[in-house]
Amino acid sequence: MPIKRTVEKTVLTGFVIVLALFGIVGVVSQRTIVGLVEDNQWVTHTHMVLELLQRVSFDVTQAEASVRGFVITGNDNFETQYHAAKDLIEPLLSDLRLQTSDNPAEQKSIAALESLIRERFAVMDQGIQTRKNGGLNAVLALRNNRGLVLSAQISTLIAQMRSQENRLLAERNLRARQSERRAFVVVLLAVFLAMIAVMGSVFLVFRDLTRRRQIERMKSEFVSVVSHELRTPLTSIHGSLTLLASGLLGPTTEKGNRMLEIAVTNTDRLIRLLNDILDVEKLDSGSMEIRRRLCNGGELIRNAADVMRPMAQKHGITLDVGESETAIWADPDRLAQCLTNLLSNAIKFSDAGGRVRVRAVPTAAELRFEVSDEGRGIPWSKQSSIFERFHQVDASDSRKKGGTGLGLAISRSIVQQHGGRIWVESELGKGSTFFFTVPFRKVEPTNGTQSNTNQSATTDSRRERNAETHPADR
Amino acid sequence: MQRHILLIDDEEDIREVVALSLETVAGWRVTSAGSGREGIELARKAMPDAVLLDVMMPGQDGPATLRLLRSDEITARIPVIFLTAKVQSIERERLQGAGAAGFLAKPFNPMTLANEVSEILGWQPSAKE
């Protein structure tokens, strides 16, 4: 059905669009979030460099204070303090070098800072040594202000570097905030787009489904109206021809009778086709009801055989009806339709003098109906396709045998609606056996009034169905 | 026993075929009406043994005609059989509620029509002498 394809195409297109959107959203979100994380890492990194610079500055000041204390007091504790500060400065500087390895300008500043600090410590070492050798006076006699100059240079350089880092921090903070905002907008936009895509696909699918349902309803109405409109003239044609052919209205010539017979046979075929098309429509639209009640399998095959006996006699076929009294829970009218379909085929495809058997065999879980003939058989390649609509073993069969090509398709649907299976076993030149099964089910309890109503309803509908299915046999 | 049937159908050809069938095959007497309104008038005047009533008719359709026949004391007890070209079960259910004695599907077989009517109404099968 082209409509079905449209729905599938819409679903697929919608799915692909949504998937693509989610893919794009994923990639963009991932990149935005990675950027956000990087920006934040840079902010943390700047904070670390700032802290290291502060510690270097503190350490140098600490060393200077210890040297001053030692020079003035000569107390060894101050010397120990000085050496502790001196030992600390090297790891701090190497850490700083590592943290700024990405920034050549900073590396240059750190190299300058290192050499200043080294020189400053050399001056301080010299001061300590002079104090030890010549006492406080020897230190005072040095009159050296190199230390002061170096100290001022170190402070200035660290201040410069800190201000440089602070500027970087401000920049990086700004960038991080921008990234956050961008990430938020990107994700929001992506979610919004994906929602629109999902809603769009759902809308398209619903529209297609509505259109499809509308077309199906129109088709159903069309079939119903056409069938009614065809039935009315067919009723007049069929009635007049049958009355004429009966001879009740006066004698006709032999050739005239033959013509009437052809007309009656073909009108019957048209009526059968019309009924089958209506059944197929009902099966398609799901409006064919299965009205189950308790029925007797043996009675079903006997009734079907009774209905088909006139046709069998006309074709010179013997009907062999098996004995069975097994009860099943099924729609007797629909099963009768299956059985008469299969019997009608078996009779049509048997040679005169042949035998057609119908049986109902109970197995463990189901009742198996069998209709077998001694006809020409069905080639292996056609054994499953004959259950499809308008598929016959030989394309000319519908003309020669007066079939509609729908009987087996309808039978298969009916059997499937009962939860059973239908199949054929056949050997070319020896005959065919058609099987269908109806599973045993627990009988649903109904109260007396209801089952009475059902009984009369089915009797009425069977009367009607027989009239419509086999007008020629009545 | 000669039965008297009132046939109500808007299709003239079908009226003729049904009349000819019942008259020739069973020897019954048939009165025909082309509309529900005409049918009700004829039913009151002629008091037939049964009414064969078409379902789909322009204007007053089968079920409406049946309701009017039932509401009139004179015609209330005449059995009515619907003639219908619509065979869907949903249609049958709708008609069943209207109080008809049964249904006959179009196209019918003119050779067995009288017997089917008799069967629905519980009459002895009649054949022309």
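Residues numbered from 1 in each chain as written. Chains lettered and ligands numbered in written order. Predicted model: local features only at pLDDT ≥ 70, side-chain atom pairs only at ≥ 80, totals over all residues. Heavy atoms only, no water.

Let's talk about the overall build of chain B
At step 1: Across its full length, chain B holds 5 helices and 5 strands.
At step 2: Listing every helix and strand of chain B by position from the N terminus yields β-α-β-α-β-α-β-α-β-α.
At step 3: The proportion of buried residues among the 129 residues of chain B is 57%.
At step 4: At a minimum sequence separation of 6, the contacts of chain B that also span at least 24 residues come to 63%. (Helix = DSSP H or I, 4+ residues; strand = E, 2+ residues; numbered from the N terminus. Buried < 20%, exposed > 50% of the residue type's maximum accessible area, 1.4 Å probe, protein only. Contact = heavy atoms within 4.5 Å.)

Observations regarding unusual backbone geometry
Residues and elements named next belong to chain B.
At step 1: In this chain, Lys106 is followed by Pro107 through a cis amide linkage whose omega measures 0°.
At step 2: Within the secondary structure, Pro107 sits in the loop between β5 (102-105) and α5 (113-121).
At step 3: Phi angles above zero are rare outside glycine, and Met47 is one such case at about 45°.
At step 4: By secondary structure assignment, the location of Met47 is in the loop between α2 (36-46) and β3 (50-54).

Concerning the side chain of His418(A)
Residue and element names in this part refer to chain A.
At step 1: The residue His418 is located in the loop between α9 (407-417) and β6 (422-427) in this model.
At step 2: Taking relative accessible area as the criterion, His418 reaches 1% and is therefore assigned buried.
At step 3: Looking at His418, its side chain comes within polar contact range of the main-chain nitrogen of Asp331, at 3.0 Å. (Polar contact = N/O pair within 3.5 Å; in protein donor to acceptor, adjacent residues only side chain to side chain.)

Observations concerning the sheet that holds strand β2 (residues 29-33) of chain B
Hydrogen bonds between backbone groups are what pair the strands of a sheet, and the pairing can be parallel or antiparallel.
All names here are of chain B.
At step 1: Here 5 strands make up an open sheet; going across it, the order is β2-β1-β3-β4-β5 and the pairing parallel. Lying at the two open borders of the sheet, with one neighbouring strand each, are β2 and β5. Adjacent strand axes in the sheet meet at a mean angle of 25° when their direction is disregarded.
At step 2: Taken together, the 4 bridges between strand β4 (residues 80-84) and β5 define a ladder with parallel strand orientation. By the bridge assignment, Phe82 is partnered in β5 with Phe103.
At step 3: Against the sheet, helix α1 (residues 12-26) makes contact with β1 (4-8), β2 and β3, and its axis sits at roughly 170° relative to β2, the strand it touches most. (Pairing = 2+ DSSP bridges. Axes fitted to C-alpha atoms, helices over the stretch in contact; angles between N-to-C directions.)

Section: the confidence of the model for chain A
All names here are of chain A.
At step 1: Counting all residues, the mean pLDDT for chain A is 83, and 89% of those residues have values of 70 or more.
At step 2: For chain A, helix α10 (residues 448-469) is the element with the lowest average pLDDT, namely 38, and strand β5 (residues 366-372) is the one with the highest, namely 94.
At step 3: This model gives residues 443-474 a pLDDT under 50, and the stretch forms 50 contacts once residues within four places in sequence are excluded. (pLDDT = per-residue confidence, 0-100.)

Focus: the packing of aromatic side chains
At step 1: Tallied over the full model, the rule gives 6 aromatic pairs over all chains.
At step 2: Ring geometry for Phe369(A) versus Phe436(A): centroids 4.8 Å apart, planes at 20°, classification stacked. Taken as a pair, Phe369(A) in strand β5 and Phe436(A) in strand β7 (residues 431-439) lie far apart in primary sequence, 67 residues in all. Summarising the burial analysis for this pair, Phe369(A) and Phe436(A) share the class buried.
At step 3: For the ring pair Phe82(B) and Phe103(B), a centre distance of 6.4 Å and an interplane angle of 20° mean the geometry is stacked. Placement of Phe82(B) in strand β4 and of Phe103(B) in strand β5 is noted, with a sequence separation of 21 residues between them.
At step 4: If you follow Arg3(B) out to its NZ or CZ, it ends over the ring of Trp123(B), 4.1 Å from the centre. (Phe/Tyr/Trp six-rings, centres within 6.5 Å; stacked < 30°, edge-to-face > 60°. Lys NZ or Arg CZ within 6 Å of the ring centre and 35° of its normal.)

Topic: the environment of Gly69(A)
All names here are of chain A.
At step 1: With respect to the helices and strands, Gly69 occurs in helix α1 (residues 2-73).
At step 2: Separated by 10 residues in the primary sequence, Gly69 and Glu79 have C-alpha atoms spaced 8.5 Å apart.
At step 3: In contact with Gly69, not counting residues within four places along its chain, are Gly74 and Phe78.

A few points about a nonpolar patch on the surface
At step 1: Together, Phe22(A), Val198(A), Val202(A) and Phe206(A) make up an exposed nonpolar region whose accessible area comes to about 370 Å².
At step 2: Structurally, Phe22(A) can be placed in helix α1. (Patch = residues over 30% accessible without salt bridge, like charges linked within 9 Å, V, L, I, M, F, W, Y side chains within 5 Å. Areas by Shrake-Rupley, 256 points an atom, 1.4 Å probe, with all protein chains shown as cover. Salt bridge = Lys/Arg side-chain N within 4 Å of Asp/Glu carboxyl O.)

A few points about the pattern of salt bridges
Residue and element names in this part refer to chain A.
At step 1: The final tally for this structure, using the stated rule, is 22 salt bridges over all chains.
At step 2: Salt-bridge contacts for Arg212 lead to Glu216; the nearest nitrogen and oxygen are separated by 3.8 Å. With Arg212 and Glu216 both in helix α4 (residues 146-246), this residue pair falls 4 residues apart, about one helical turn.
At step 3: The partner of Glu261 in a salt bridge is Arg258, with the nearest N and O atoms 3.1 Å apart. Here Glu261 and its partner Arg258 are both found in helix α5 (residues 254-285), 3 residues apart, which amounts to about one turn of the helix.
At step 4: Here Glu261 falls in the partly exposed class, since its relative accessible area comes to 45%.
At step 5: Through salt bridges that share partners, Asp320, Arg355, Arg357 and Glu374 make up one connected network.

A short note on the environment of Gly377(A)
Residues and elements named next belong to chain A.
At step 1: As for its position among the elements, Gly377 is in the loop between β5 and α8 (397-401).
At step 2: Taking the C-alpha atoms as reference, Gly377 lies 5.3 Å from Glu427; in sequence the two are 50 residues apart.
At step 3: Excluding anything up to four places from it in sequence, Gly377 contacts Ser426, Glu427, Leu428, Gly429, Gly431 and Ser432.

Thoughts on α4(A)
Residues and elements named next belong to chain A.
At step 1: Helix length check: α4 (101 residues) gives 144 Å between terminal C-alpha atoms against 150 Å at 1.5 Å per residue, within 8%.
At step 2: Along its length, α4 shows its largest kink, about 25°, at Leu234.
At step 3: Directly beyond the C-terminal end of α4, a positive phi value near 80° is found at Gly247. (Expected span 1.5 Å × (residues − 1). Bend = angle between axes of the 7 residues up to and from the residue.)

A word on the packing of α4(A) against α5(A)
All names here are of chain A.
At step 1: Packing of α4 against α5 leaves a shortest axis separation of 10 Å and a crossing angle of 160°. Put simply, α4 runs roughly antiparallel to α5. Along this stretch, α4 crosses α5, giving a crossing that reads as left-handed.
At step 2: Here the residues of the contact of α4 with α5 sort into 15 nonpolar, 7 polar and 5 charged. (Parallel < 35°, antiparallel > 145°, perpendicular 65-115°, else oblique. Left-handed = near helix turned anticlockwise from the far one by under 90°. Nonpolar A, V, L, I, M, F, W, Y, C, P; charged D, E, K, R; others polar.)

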